[in-house]
Amino acid sequence: GDGQRLPIGDKHILQTYPYLDVTVGPRDTLAGLLTPLARPEIREGSLRVKQRDFPLDCSNWLRQSGVCLFGVDEMQFLTQSADASAQVSKALLAYHSLGVPWHVVMNFSLAWKLLRRPHEVKRRLLGRVVVIVPDAPGSAEWYRLLIEYSNVCQSICSFELQGQAEQLWNFTAGLKGELLEL
């Protein structure tokens, strides 16, 4: 985002960014992965930094601009090659090296690939894993979701979704996107 403007003295304004959201695209290079965490001049293309200096420059800018946390999402774009787990590990270790608290959102497939990496990589990158699982088939949340879906598609369905709660969960593993496909 644009961050927050923080006045310093009479004539200076510091732009701060308490949280940055990084969406990984189909980028190949380390610089491409770190660019969202770089100074605005680098992101805009008006300043170039040598590749070997790029992580340190990003780290310094993150600290100077008050970034307290950044999040990385869409890592699955890096898993579409033969050396996918090595490429993902390299990217995650680069984020880790910046020295700013961060988190990454990944699907089960990517986590499984990282679990096969050497112990020291797993320890650094999978140290505090939080697994988010779908609502259980008999949970109140699952029933509420089915009621909402029933309200929307009552003219299409010839049966009551809540009456088939367990079977629908078995077909979809509780994934709402899969339920929509049904």
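Reading the values: rules and limits
Residues numbered from 1 in each chain as written. Predicted model: local features only at pLDDT ≥ 70, side-chain atom pairs only at ≥ 80, totals over all residues. Heavy atoms only, no water. Buried < 20%, exposed > 50% of the residue type's maximum accessible area, 1.4 Å probe, protein only. Helix = DSSP H or I, 4+ residues; strand = E, 2+ residues; numbered from the N terminus. Arc of directions from axis to C-beta. Salt bridge = Lys/Arg side-chain N within 4 Å of Asp/Glu carboxyl O. Contact = heavy atoms within 4.5 Å. Patch = residues over 30% accessible without salt bridge, like charges linked within 9 Å, V, L, I, M, F, W, Y side chains within 5 Å. Areas by Shrake-Rupley, 256 points an atom, 1.4 Å probe, with all protein chains shown as cover. Core = buried A, V, L, I, M, F, W, Y, C linked by side-chain atoms within 4.5 Å. Phe/Tyr/Trp six-rings, centres within 6.5 Å; stacked < 30°, edge-to-face > 60°.

> How would you summarise helix H8 (residues 165–172) if you had to cite specific residues and measurements?
Buried within H8 are the following residues: Ala165, Leu168 and Thr172. For H8, the angular spread of buried residues about the axis comes to 70°, placing them on one side. Exposed positions of H8 whose direction lies more than 90 degrees from the buried face are Glu166, Asn170 and Phe171. Phi turns positive one or two residues past the end of H8, at Ala173, with a value near 55°.

> For the pattern of salt bridges, give the residues involved together with the corresponding values.
It is possible for side chains bearing opposite charge to pair when their charged atoms get close. As enumerated under the stated definition, the model contains four salt bridges in all. In this structure, the salt-bridge partner of Arg52 is Asp53, at a minimum N-O distance of 3.8 Å.

> I'd like to hear about the environment of Val104, residue by residue, with values.
Following the sequence through the fold, Val104 ends up in strand E5 (residues 102–104). Between the C-alpha atom of Val104 and that of Glu178, which follows or precedes it by 74 residues, the distance is 23 Å. For Val104, the residues in contact, after removing those within four places along its chain, are Val72, Met75 and Leu92.

> Requested: an account of a nonpolar patch on the surface, with residues and values cited.
Residues Phe108, Trp112 and Leu115 make up a contiguous nonpolar surface patch of about 370 Å² in total accessible area. Turning to its location among the elements, Trp112 is positioned in helix H5 (residues 108–115).

> Outline the nonpolar core, supporting the account with residue identities and numerical values.
In globular proteins that are soluble, nonpolar side chains generally tend to be buried together. Ranked by size, the top nonpolar core spans 30 residues in total, and within it Leu20, Leu37, Leu62, Phe70, Met75 and Tyr95 carry the most contacts. Going through the elements one at a time, strand E3 (19–23), helix H1 (30–34), helix H3 (54–64), strand E4 (69–73), helix H4 (84–97), H5 and helix H6 (119–125) are the ones with two or more residues in this core. Take this core: its biggest share by element is five residues, from H4. Residue contacts for Tyr95: discarding those within four places in its chain leaves Val22, Val24, Leu33, Leu34, Leu37, Phe70, Val72 and Trp102.

> A description of the environment of Val121 should follow, citing residues and the corresponding values.
Tracing the backbone shows Val121 in helix H6. Once the C-alpha coordinates of Val121 and Phe54 are considered, the two residues, 67 residues apart in sequence, prove to be 22 Å apart. Discounting chain neighbours no more than four positions away, the residues touching Val121 are Ser89, Leu93 and Leu126.

> Summarise the packing of aromatic side chains; cite the residues concerned and give the values.
Counted under the stated rule, the structure contains five aromatic pairs. A centroid spacing of 6.1 Å and a plane angle of 15° characterise the contact between Phe70 and Trp102, whose relative ring orientation is stacked. Highlighted residues: Phe70 in strand E4 and Trp102 in strand E5, separated in sequence by 32 residues. Measuring from ring centre to ring centre gives 6.1 Å for Phe108 and Trp112, while their planes differ by 20°; the resulting arrangement is stacked. Of this pair, Phe108 and Trp112 both sit in helix H5, four residues apart, roughly one helical turn.

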